[in-house]
Amino acid sequence: MSQLKNSKKFKWALDFNPKSRSQTTELPSPPGYSQSTSANYVETSKDSDSQLLLIKKLWDVALGPLKQVPMNLFIMYMAGNSISIFPIMMVGMLIVRPIKALFTTQSTFKMVEGTQAVGQKFVYIIGNIVNIFLALYKFQSMGLLPTHSSDWLAFEEPLTRMEHIGGGLSML
């Protein structure tokens, strides 16, 4: 009974047994297929894919500081202008992180080579400088930067306000 089942072949069945393959003829290659170029193409496509992925990853690293600008703006808004320990710590971290990143630029991009390396480093440095300027602006708005001569000279009188404006009304 089992021999009867094995001998019965369906027209849609394929036999992948190597013993029976020697008895049948080999199937021709599909149109456009060439075995000599396929191995070479696979190696070059893997190399080009890995290069493209590396370039994409390095551009993500280079654009990272610029992507942090909106979040830093939100942190600056939430910190407020009061002088207390938490806003000072938050703004301090806003300036410390980009400065550390600028000092470690070479180690960040140590594997970069090629035509886009200079552009990636330039974008990375510009992004960190933008974040430093944002932190300096926040320090200025909090009044922590010495911008007047009375801030560092003891004999200078601090600036006095001539008027204060609140709610759209001028109060003398």
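Here the structure is a predicted model, which means the values were calculated and not measured. (Residues numbered from 1 in each chain as written. Predicted model: local features only at pLDDT ≥ 70, side-chain atom pairs only at ≥ 80, totals over all residues. Heavy atoms only, no water.)

A. Local environment of the overall build of the chain. Within the chain, the regular secondary structure consists of seven helices and two strands. Reading the helices (α) and strands (β) of the chain from amino to carboxyl end gives α-α-α-α-α-α-α-β-β. For the chain, the proportion of contacts with a sequence separation of at least 24, taken over those separated by at least 6, is 66%. Taken as a whole, the chain presents about 14,200 Å² of accessible surface, with 65% of it coming from carbon and sulfur. (Helix = DSSP H or I, 4+ residues; strand = E, 2+ residues; numbered from the N terminus. Contact = heavy atoms within 4.5 Å. Areas by Shrake-Rupley, 256 points an atom, 1.4 Å probe, with all protein chains shown as cover.)

B. How the structure looks around helix 5 (residues 85–103). Compared with an ideal rise of 1.5 Å per residue, which puts 19 residues at 27 Å, helix 5 spans 27 Å between its outermost C-alpha atoms and is within 8% of the ideal. Three or more residues of helix 5 are buried, namely Pro87, Val91, Gly92, Leu94, Ile95, Pro98 and Ala101. Where helix 5 is buried, its residues contact helix 4 (69–79), helix 6 (105–108) and helix 7 (117–142). (Expected span 1.5 Å × (residues − 1). Buried < 20%, exposed > 50% of the residue type's maximum accessible area, 1.4 Å probe, protein only.)

C. Up close: the UniProt feature "transmembrane region" (unreviewed entry) in the chain. In the numbering adopted here, UniProt assigns the feature "transmembrane region" (unreviewed entry) to residues 74–97 and 117–137. For residues 74–97, the end-to-end C-alpha separation is 16 Å, with 79% helix and 0% strand making up the annotated structure. The annotated region residues 117–137 carries 100% helix and 0% strand content, and the separation between its end C-alpha atoms amounts to 30 Å. (UniProt positions renumbered as here; feature names shortened; annotations may be inferred.)

D. Structural detail: helix 4. Those residues of helix 4 not exposed but buried are Val69, Asn72, Met76 and Ala79. Along the long axis of helix 4, the arc covered by the buried residues comes to 80°, so they all point the same way. The exposed residues of helix 4 that point more than 90 degrees off its buried face are Pro70, Tyr77 and Met78. The positive-phi residue at the C-terminal boundary of helix 4 is Gly80, with phi of around 75°. (Arc of directions from axis to C-beta.)

E. View of the side chain of Gln120. Inspection of the secondary structure puts Gln120 in helix 7. A relative accessible area of 2% means that Gln120 is categorised as buried. In this view, Gln120 contacts Ile55, Leu58, Trp59, Ala62, Phe109 and Val112; residues no more than four positions away in its chain are not counted.

F. How the structure looks around the packing of helix 5 against helix 7. One can describe the packing of helix 5 onto helix 7 by two numbers: an axis separation of 9 Å at closest approach and a directional angle of 155°. Taken together, the axes of helix 5 and helix 7 are roughly antiparallel relative to one another. The two elements helix 5 and helix 7 cross, and the hand of that crossing is left-handed. Packed against helix 5, whose contacting residues are Pro87, Ile88, Val91, Gly92, Leu94, Ile95, Pro98, Ile99, Ala101 and Leu102, the element helix 7 presents Tyr124, Ile125, Asn128, Ile129, Asn131, Ile132, Ala135, Leu136, Lys138, Phe139 and Met142 at the interface. The class makeup of the residues in the contact of helix 5 with helix 7 is 17 nonpolar, three polar and one charged. (Axes fitted to C-alpha atoms, helices over the stretch in contact; angles between N-to-C directions. Parallel < 35°, antiparallel > 145°, perpendicular 65-115°, else oblique. Left-handed = near helix turned anticlockwise from the far one by under 90°. Nonpolar A, V, L, I, M, F, W, Y, C, P; charged D, E, K, R; others polar.)

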